[in-house]
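# Breakdown of the fold
Listed here are the chains, written in short residue letters.
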Number of protein chains: 2
Amino acid sequence: MSQTTHTEEQQEPAGSKKLAAVSVLKFGGTSVKSIARIQHVAEIVKERLKHGKVLVVVSAMGDTTDYLLKLAHQCSKTPDQRELDSLLSTGEHISITLLSMMLKTLDVSARSVTAYQLGIFTENVHNKARIIDIKTDNLAQAFETCDALVVAGFQGVTANGDITTLGRGGSDTTAVALAAAAGAKYCDIYTDVDGIYTSDPNKIPKARLLDRISYGEVVEMARLGAQVIHPRAVELARQYGVILRVRNTFKPDHQGTSIDGGEDMEIYRSISGVATDKDQACVTIMDVPDQPGIAARVVGGLAKKAIVVDMIMQAFHPTAGLNNITFTVASTDLPQTIKTLEELKTEMGAKAVHADEDIAKVSLVGAGMAGQPDIAARLFETLGTAKINIKMITSSEMKITCVVSRGQADKAAKLIHDAFELEKV
Amino acid sequence: MSQTTHTEEQQEPAGSKKLAAVSVLKFGGTSVKSIARIQHVAEIVKERLKHGKVLVVVSAMGDTTDYLLKLAHQCSKTPDQRELDSLLSTGEHISITLLSMMLKTLDVSARSVTAYQLGIFTENVHNKARIIDIKTDNLAQAFETCDALVVAGFQGVTANGDITTLGRGGSDTTAVALAAAAGAKYCDIYTDVDGIYTSDPNKIPKARLLDRISYGEVVEMARLGAQVIHPRAVELARQYGVILRVRNTFKPDHQGTSIDGGEDMEIYRSISGVATDKDQACVTIMDVPDQPGIAARVVGGLAKKAIVVDMIMQAFHPTAGLNNITFTVASTDLPQTIKTLEELKTEMGAKAVHADEDIAKVSLVGAGMAGQPDIAARLFETLGTAKINIKMITSSEMKITCVVSRGQADKAAKLIHDAFELEKV
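Residues numbered from 1 in each chain as written. Chains lettered and ligands numbered in written order. Predicted model: local features only at pLDDT ≥ 70, side-chain atom pairs only at ≥ 80, totals over all residues.

This brings us to the overall build of chain A. Regarding its fold elements, chain A presents twelve helices and 21 strands. Computed over the C-alpha atoms, the radius of gyration of chain A is 23 Å, within 12% of the 22 Å expected from 2.2 N^0.38 for a compact globule of 425 residues. Seen through its C-alpha atoms, chain A measures out along the principal axes to roughly 75 × 50 × 40 Å. Within chain A, buried positions represent 49% of all 425 residues. Contacts spanning at least 24 positions in sequence make up 75% of the contacts within chain A whose residues lie at least 6 apart. (Helix = DSSP H or I, 4+ residues; strand = E, 2+ residues; numbered from the N terminus. Rg over C-alpha atoms; globule rule 2.2 N^0.38 Å. Buried ≥ 20, exposed ≤ 12 C-beta atoms within 10 Å, placed from the backbone. Contact = placed C-beta atoms within 7 Å.)

Here's what the structure looks like:
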């Protein structure tokens, strides 16, 4: 019988058969974009072998995925999804073999495996498949013949033998799923930054590197544009209790930022950072006659097109009996959103669809902000004093997000960072 | 139970479960080297669908394989063979997906499969694996969901799930093996020439396109440098009685050259062509003390390094009791050959190893030349009259090969073509 680890779809615990002390390392596309960088990665892997076996997950080299996408779009404006996934999977297939060759030249017993070869099973969906199952027996078996197992990120295989890709954050997700399957305590995400900061250090020089942050906070920050690690991978890490460590490929001795449950974190820190996201647009469907479930119809209609609606606001005009429903979507989804809403407009008897691209989200994130109303007050006051108009507001237990004009977003973030003295957290 | 077709290793007949009327088409790297060419190939495939299902085997696009090899050699001077095979397999993996996408845009129900996905099983050898087994059930099943099945040539998978490549002529071999497994009568090899000529038409303008040639003749011609189709694929076609058709991708209406058993061919034609091969070198191990089995030791020692020895000549000097063993190898194998012989030299008590790179083979090929000694006589006379020195001679049932100085090879071929009036065959 094969031990299995159910990952993204089911919440069962990992299989009982554990591998002894495996380090799990993930390197993104910029970390393997040239042969020189692959050599650098190989040296990091070799160093890690002093502490036991190593499982390495790699993305495609630099611009390979873009190149393959370009080829696909030269064949077809709407490439067949099954074929596209199979094509894109070659990007990681190339990088795993090169890294393994390089490791071999460093006398490391290395072995590359595609998702197909290892058996990273996903649901039968293309372009954004979720991992269903990784056979821990396969992992244990693969490690019998090597010290460093190099696994292609971002890809999977269906029960029918079709190749799938995991979509955005796919390689991070592969790494976390494998760490869970291998029973590893840590999953190290190597990237080209030092870790997670209180805000974008390119824009706010005072921004400070965090030693530690909770899963929840990093998900909020990632959703808000601080894309060091994809929220989906963080959610999976939380589910399996894998501690993520975001580290800099080019400073392998730095510890980076640990992401964990944050159990004792709130006692010393209520706010962890401020994040901005400019790749957003705001859409309003106007004068929708009041009926039960109109918001659900809008969100549901968009969900069918795989458009994720984020902030949503419904304003009712009591005398007219009409509603305006406003929400934010990713800028890339805007054309499709407008098209879908125009169809819904007639169906729902609404008057117009209005889009506003001049927006950005600025968010204050912190696990300890719940129940501290003075934080929101200070935030709004900071923006108000600076005459930055707030277009929308939402808040959750660990964040407050304000939509402002796109041109004012960086200024807003800087003012907030100063007002909350985030450089001292 | 799965029906299986044993191909390169065993001579059993193909499985009894046949697919109804499948056309098998193979396109080489130049035929798919750009998106425009892939579109052209897709149109040929679509046209063929009028006659039933189509199985298409494709090579990697243009220079992809060279590019991947270059990457591998940047990682390591001697890349790990398992990793190299896995890397190289991505070349065909890319081209099958692009061709399938293109077919889909032409409303063809197409589906790409790698060797891994289809189950083209090979022996567990890298870089030049032989096909052991193709499950005809898998083929039949794959065709249930598509009209055009696009299969990656040149690659295979071992029982352990390692990716292999088939080496030179690999894609041709894949196509023939699949034609045999599918029970197809024909296997069409699309290339960038019109078919097989009596000699190289670039060098001998009188050279004539042959409508038909026998397996044996084409193997001899291919071994001698006329590389339209790899002899290995021809041998496999002969074994399974698959009729090969060499056709021009850019003149899809031309019939090209058929390659078959040539049963009734010799009654009208004794000579089919003249071929030259300049990528050859001649090596002599000198003054080997006379002992039984010395030639076997030389050839065996080279075989261990996968060096194929072609023409071999042993000259015994009775008074000295010493032998000179001379043979030809591919130029690319020369450094390794010299190295191996230098080792054997001491072991065998020989005096010296001598290499001659200034050679070329010129061969006259024809199924009907056996038992006609006047053909050999006329050949030697033609070269003698032109003062072309013959360094070595070998002959078989359907060819006579002369080794001459490399600079004289083209002239020799032209003279022979004229002497035998091959433009009239």
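The next point concerns the confidence of the model for chain A. Residues and elements named next belong to chain A. Residues with a pLDDT of 70 or more make up 92% of chain A, whose mean pLDDT is 88. Every residue in residues 1–6 scores below 50 in pLDDT, and together they form 21 contacts with partners more than four places removed in sequence or on other chains. Overall, residues 10–17 carries pLDDT values under 50, and its contacts beyond four positions in sequence, including any with other chains, amount to 16 contacts. (pLDDT = per-residue confidence, 0-100.)

We now examine the relation of the copies chain A and chain B. Note on the identical chains: chain A maps onto chain B by a rotation of 179 degrees and an axial translation of 0.0 Å, with an RMSD of 0.2 Å. When the rotation and shift are considered jointly, the pair of chain copies conforms to a two-fold rotation axis. Taking the C-alpha atom as reference, chain A places threonine 90 of chain A closest to the rotation axis, 2.8 Å from it. Comparing interface residues between copies, 100% of those in chain A also sit at the interface in chain B, which points to an isologous, same-surface contact. (Least-squares fit on C-alpha atoms with pLDDT ≥ 70 in both.)

So, about helix α11 (residues 373–385) of chain B. The end-to-end C-alpha distance of α11 of chain B is 18 Å, a good match for the 18 Å that 13 residues give at a rise of 1.5 Å each. Of the residues trailing α11 of chain B, lysine 387 of chain B is marked for its positive phi of about 60 degrees. (Expected span 1.5 Å × (residues − 1).)

Residue and element names in this part refer to chain A. Considered domain by domain, chain A is made up of domain 1 (4–10 + 18–260) and domain 2 (266–420). Just the C-alpha atoms count here: the centres of domain 1 and domain 2 sit 31 Å apart. Taken together, the contacts link 18 residues of domain 1 with 18 residues of domain 2. Mapped by element, the contributors of at least two residues to the side of domain 1 that touches domain 2 are β11 (212–214) and α7 (215–223). If one sorts the elements of the side of domain 1 that touches domain 2 by residue count, α7 sits on top with four residues. (Domains from an automatic or database assignment.)

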